[in-house]
Amino acid sequence: MTIYNFSAGPAVLPKPVLEKAQAEFLDYNHSGMSVMELSHRSKEFDDIIKDAEKLLRDLMAIPDNYKVMFLQGGASTQFSMLPLNLAKGRKAYYVVAGSWGKKAYTEAVKLSKTIPFEPILLASSEETTYDHIPDIDSAKIDKDAAYVHITTNNTIEGTAIYDLPETKGVPIVADMSSNILAVRYNIEDFGLIYAGAQKNIGPAGVTIVIVREDLLNDEPMLSSMLDYRIQAEAGSLYNTPPTYGIYIAKLVFEWLKELGGVDEMEKINREKSGLLYDFIEQSDFYTSPVKNSKDRSVANIPFVTPSKDLDAKFVKEADALGFKNIKGHRSVGGMRASLYNAFPRQGVLDLLEFMKKFEEENK
Ligand SMILES: Cc1ncc(COP(=O)(O)O)c(C=O)c1O
C-alpha cells in the first residue's frame, strides 16, 4: 500500500533526500563517520553548514546585508527572542490571523511584563475563527515602532498572506514556518523571517532566522543563546547546533535547486493545491472553512464534510487506505491536507478519487 503523509509537521521529506542520507549514513564523505558523529567544529561540518547557507541564500535570493542563522528551540522560541532583541522600549504590532499568530502575540504580551516594550494587536480575525486574513489599517501604525509581525501561512486555518501590508517603513517580521520555500517572497520586504524546519526544510530541531543586519541588537541580551548578534557573529556555532538537521536541510535545498528552485516549486504547489481546491469548490458535500479564495494557503488545505460524524468516518477510512495524518488540528476538527513541497502530486490525485467515492457512499 502506498502511504501518503499529509502531516502538518514534522512532515513528508523528499524521497531522494532520505535515500541520499541513508547511503551516507554510516560513512559521510569517506570520513568513516556518520554526520551525527562529526564535531561541529570539523572541516566536514563546516562545509555542510556553509553549503546549506549558500544554497538557502540562492534559493530565496537573500541579499548580503541579511544574516542567516540555524538556531534551535523551534519557531516558538522566536516568539520571545524577537521582541527581546528588536522591541526594547518600543511598540511592536501583531497581525493575528491564526492560532500561531495568536501565540506569538500572547508570548509578547507575557514578555512585556518583564521587559519594557508595548505589544499592540493591529488586526485580528479571531472573532470569525480565523476564516480570513484581516484588513490592516496602516494609519494605526506608529512609524517609530520596532516591527509589524505577521504569519505568512496559517498552518491550522489554511490561509496565507501573499500581498504584504503597507507599514509606513516599519520592518515586517514574519513567521514563515509553513510556507517558506513554497512560494516566492521578496526578502527585502522583510526585516526578519523565521521558520521551524519541520515542514519544508528538514527534521524538527532546526529553526531558520533571516535578519537584516541593521536590526541586530547593539546591547547584549538577557542570555547569549537568545542574542541574535552573538548567534549571527558566531555563524550559528555559538554552541553545538543541530548538526544532523542542518545536514538534511542542505540535502533538501540541493533537491529543491535541482527541481528548479522556488519559482518552479510555487508553480507546482499552485497546481497541486488547485486540484484539491477546485474539487472542493464544485462539491456540495465538502466545504472549505476559508472565506476568501485569495487567502488560500497552497500548503495546508482544511476541509469538512456535512457532519462531525462523517469527518471522523472519513479520517478513519482514509487512514486505513494509507492517507495518513489527514485529521484537522484538534482546535478546529475536520480534515487538513498538508501539501508541502515534498508531497507528491499523485497523492492529491489518489486523495480526490477517495473523496469522490466517500461522497457517493455517504451523501
Ligand atoms: C506557523 C507556525 N508557527 C509556529 C509554529 C511552532 O513551531 P515549533 O513547534 O517549531 O515551535 C508552527 C508549528 O506548526 C507553525 O505552523
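Residues numbered from 1 in each chain as written. Predicted model: local features only at pLDDT ≥ 70, side-chain atom pairs only at ≥ 80, totals over all residues. Heavy atoms only, no water.

Looking up the protein chain in an unreviewed UniProt entry gives the name Phosphoserine aminotransferase, with the organism given as Streptococcus ratti FA-1 = DSM 20564. Taken from UniProt, the Subunit (unreviewed entry) comment for the protein chain reads in full: "Homodimer." Per UniProt, the protein chain carries the Pathway (unreviewed entry) text "Amino-acid biosynthesis; L-serine biosynthesis; L-serine from 3-phospho-D-glycerate: step 2/3." (UniProt positions renumbered as here; feature names shortened; annotations may be inferred.)

Residues given the UniProt feature "binding site: L-glutamate" (unreviewed entry) here are R41. Its place among the elements puts R41 in the loop between α1 (15-23) and α2 (43-60). Apart from residues lying up to four places away in sequence, R41 is in contact with L237 and Y238. (Helix = DSSP H or I, 4+ residues; strand = E, 2+ residues; numbered from the N terminus. Contact = heavy atoms within 4.5 Å.)

Sheet architecture is open: seven strands sit in the order β2-β10-β9-β8-β5-β3-β4, paired in mixed fashion. Looking at the sheet topology across the chains shown, the edges are occupied by β2 (66-71) and β4 (118-124). Taking each pair of neighbouring strands and ignoring which way they run, the sheet shows an average axis angle of 15 degrees. Pairing of strand β8 (residues 172-175) with strand β9 (residues 192-196), which is carried by three bridges, proceeds in the parallel orientation. What sits directly across from D175, in β9, is Y194. Strand contacts of α2: β2 and β10 (207-212), with the helix running at about 130 degrees to β2, the strand carrying the most contacts. (Pairing = 2+ DSSP bridges. Axes fitted to C-alpha atoms, helices over the stretch in contact; angles between N-to-C directions.)

Our focus in this paragraph is the site of the ligand. Around the ligand, a shell composed of G74, A75, S76, F79, W100, T151, N153, T155, D175, S177, Q198 and K199 is seen. A75 has a polar backbone atom sitting 3.0 Å from an oxygen atom of the ligand. A distance of 2.6 Å separates an oxygen atom of the ligand from a polar side-chain atom of S76. Across the complex, the protein chains shield 85% of the 390 Å² of accessible surface that the ligand would expose by itself. Of all the elements, helix α3 (residues 74-86) adds the most residues to the shell around the ligand, at four residues. Residue composition of the shell around the ligand, by class: three nonpolar, seven polar and two charged. (Near = heavy atom within 4 Å. Polar contact = N/O pair within 3.5 Å; in protein donor to acceptor, adjacent residues only side chain to side chain. Areas by Shrake-Rupley, 256 points an atom, 1.4 Å probe, with all protein chains shown as cover. Nonpolar A, V, L, I, M, F, W, Y, C, P; charged D, E, K, R; others polar.)

With respect to the helices and strands, the residue R336 is situated in strand β13 (residues 335-338). Only 2.9 Å separates the side chain of R336 from the backbone oxygen of T155, close enough to count as a polar contact. Once residues lying within four places of it in the same chain are set aside, the contact partners of R336 are F6, A8, T155, I156, N300, I301, P302, N325, I326, K327, G328 and H329.

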